[in-house]
Structures are given as C-alpha cells and as structure tokens.
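Take a look at the letters that make up each chain.
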Amino acid sequence: MSDTMNIEDYLAQGGVLTAPGNVPARYRGELMRLMASFVDSELAASAGFAGSINFAPGIKERIAASRITLEKADHAERVLAVMETFGTDANRYQAQHDWAARVARDADLGAARSGGDMRLSVLHYPITGWTDAVVMNVLQGLATGVQMTELTRVSYGPLAEVFREIAPREARHAELGLEGLERIASTEAGKAAARDAIAYWRPRVAAGFGVAGSARYETLNGFGLRHTPNEQLLSRWETLVAEHLAALDL
C-alpha cells in the first residue's frame, strides 16, 4: 500500500491486509463480527450434528454425521485462532454459550441473532430425526457453499487463507447430505418425510442470507469483506436447491 493512499481506498480497490497491527478500528469491528458469526455457527452446527449421530440408521450414516460434527468444530477452532491474534481469549470465548441449546420447534426467529450468540438463526432450531438432520444439512450445506464464495475472498489475508482451506470440507458436508437424501428419497415414505422437512427448513435457511438492500452490505463491500449482495447470494442458493431437489423428485 502506498504511503499516500487512504486505507479505505486501498481496501475498496481490492487491497489485502495481513496483520492485526495495520487494521483500522471500524474494519476490525466488522472483521471480528464476521469471524464470531462463523465460529458460533460452526460450534452450534457441530453440537446439532453430534445429537444427530444416534439418529443414524446405519454405520455409513453414523460416520458421515460424526465427520461433520468433528470438522465443523475444527473449522471453528481455526477461525478462533485468527481471532486470538486480535486478543480474543479462545478458552473463554468457546465456553460462553451452550452451543447445543435450541428453541422450540415452532418458534419464529426470522434472521435475528440472540444476545451475544452470533450463530445463524437457523442453528437455534432443533433437529428431530434422521431425515430432518439430512434435509437441514443439505439446505444449510448448499447455503454455506454459496457463502464460502464470499468468505474465501475477504480482504484480511490470514482469514481468507483459512476459509480457502475450510471450503472443500464444507462442500463435502453438503455432498454427504445429498448422498443421504438420495437414499431417503428412494422410497415414497422417505420422500413424504423429506418434503415435510424441506418445508420446515427451507425458509429458515433462506433467512440466514439477510435482508435485501442491506445498508451494512455497502460498508462491508467498501472494506472488501463482502463482494456480492444478499439477494444475489440467496438467488444462487435457491437455484442450487431447486436443481438438487428436482433431481431427487422432491
């Protein structure tokens, strides 16, 4: 970065920051919020899938749920390590919420966050059985894949590098879900149960993309922490979901 260029201009033009020491205060606040949302969501997702392991109908499915549980916790740990370089106490941070806590099944949270818990709102809802777990994993896994196209390009270099390492494993989680959903959809009873779960989870996952025309998006875009508006990401996800569900006659 040249000595004469304003740091906001540098970021707006695609510049990358590489260490906590050269990060402006407002940028740091937004970066920490982004990381906290990811860490909290991964910890909550891991806790949710841990509870689903015993719903698994067979060994193959049990291994898949166990792998997702393990790797989501690992992804949280990797991003929390970046937060530590900004002074976050990792031990205190990861113990501050009950990551397995869930609201009532019929609660309507919209896109709201809960207190200091920054997990996506969809991760506050309980999983009620194997088909429910698989459908939730497919829909949220496809959403994570879309969001990863943003996260792997964030303007804070060390974090972007971590996200690039994480992205293929998150993609594999969605693939495992689709493999499980294909097995479920091989019977008419399975299809009926899957359609009920899709009707429940689809609007809740969609809410995680945030509102259209978000004012915060402009700030994040200027900082190089976001590149694509919420409504475009949501549209991408809806297209992917429609394609995959149609292929399974769901």
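To be clear, the structure that these remarks concern was listed above.
In this text, all values refer to a predicted model and were calculated from it rather than measured experimentally.

About the thresholds
Residues numbered from 1 in each chain as written. Predicted model: local features only at pLDDT ≥ 70, side-chain atom pairs only at ≥ 80, totals over all residues. Heavy atoms only, no water. Axes fitted to C-alpha atoms, helices over the stretch in contact; angles between N-to-C directions. Helix = DSSP H or I, 4+ residues; strand = E, 2+ residues; numbered from the N terminus. Parallel < 35°, antiparallel > 145°, perpendicular 65-115°, else oblique. Left-handed = near helix turned anticlockwise from the far one by under 90°. Contact = heavy atoms within 4.5 Å. Nonpolar A, V, L, I, M, F, W, Y, C, P; charged D, E, K, R; others polar. Core = buried A, V, L, I, M, F, W, Y, C linked by side-chain atoms within 4.5 Å. Buried < 20%, exposed > 50% of the residue type's maximum accessible area, 1.4 Å probe, protein only. 1 Å grid on protein atoms, 1.4 Å probe; cavity = no way out; pocket = protein on both sides within 12 Å on 5 of 7 lines; lining within 4 Å. Points joined across faces, edges and corners; volume = space filled by probe spheres on them. Salt bridge = Lys/Arg side-chain N within 4 Å of Asp/Glu carboxyl O.

A. Representation of the packing of helix 7 (residues 188-206) against helix 9 (residues 230-247) within the structure. At a minimum axis separation of 11 Å, helix 7 and helix 9 run at an interaxial angle of 160 degrees. The orientation of helix 7 with respect to helix 9, classified from their angle, is roughly antiparallel. Handedness of the helix 7/helix 9 crossing: right-handed. Between helix 7 and helix 9, the contacting residues are I198, R202, V205 and A206 on the first element and L234, W237, E238, V241, A242 and L245 on the second. Broken down by class, the residue content of the contact of helix 7 with helix 9 amounts to eight nonpolar, no polar and two charged.

B. Structural view of the nonpolar core. Of all hydrophobic cores here, the largest spans 41 residues; its most connected members are V122, L123, V135, L139, L181, W201 and W237. Elements with a minimum of two residues in this core: helix 2 (25-52), helix 3 (59-84), helix 5 (130-151), helix 6 (157-184), helix 7 and helix 9. At 10 residues, the largest contribution of residues to this core is made by helix 5. Sequence-distant contacts of L139, that is, excluding residues within four places in its chain, are made with I198, W201, R202, V205, W237 and V241. Counting 37 residues, the second-largest nonpolar core is a separate cluster that includes M35, L151, I166 and F223.

C. Quick look at the layout of surface pockets. Put simply, the second largest pocket is a space of about 220 Å³. Residue lining of the second largest pocket: 18 residues in total, with E61, A64, A65, W130 and L176 positioned closest to the centre. Split into classes, the residues belonging to the lining of the second largest pocket amount to nine nonpolar, four polar and five charged.

D. View of empty space enclosed by the protein. This model, assessed by the stated rule, comprises one cavity of 30 Å³ or more. Considering only enclosed or pocket space, the largest cavity measures out at about 30 Å³ in volume. In terms of residue count, the dominant contributor to the lining of the largest cavity is helix 2 (four residues). Here the lining of the largest cavity is composed, by residue class, of seven nonpolar, one polar and one charged.

E. Up close: the pattern of salt bridges. Summed over the entire model, instances satisfying the criterion amount to 17 salt bridges. Across the salt bridge formed by R169 and D74, the nearest N and O atoms sit 2.3 Å from each other. With R169 in helix 6 and D74 in helix 3, this residue pair connects regions lying 95 residues apart in the sequence. Between R153 and E150 there is a salt bridge, with its nearest N and O atoms 3.3 Å apart. E150 sits in the buried class, given a relative accessible area of 1%. Within the structure, one salt-bridge network assembled from shared partners comprises R67, E71, D74, R78, E165 and R169.

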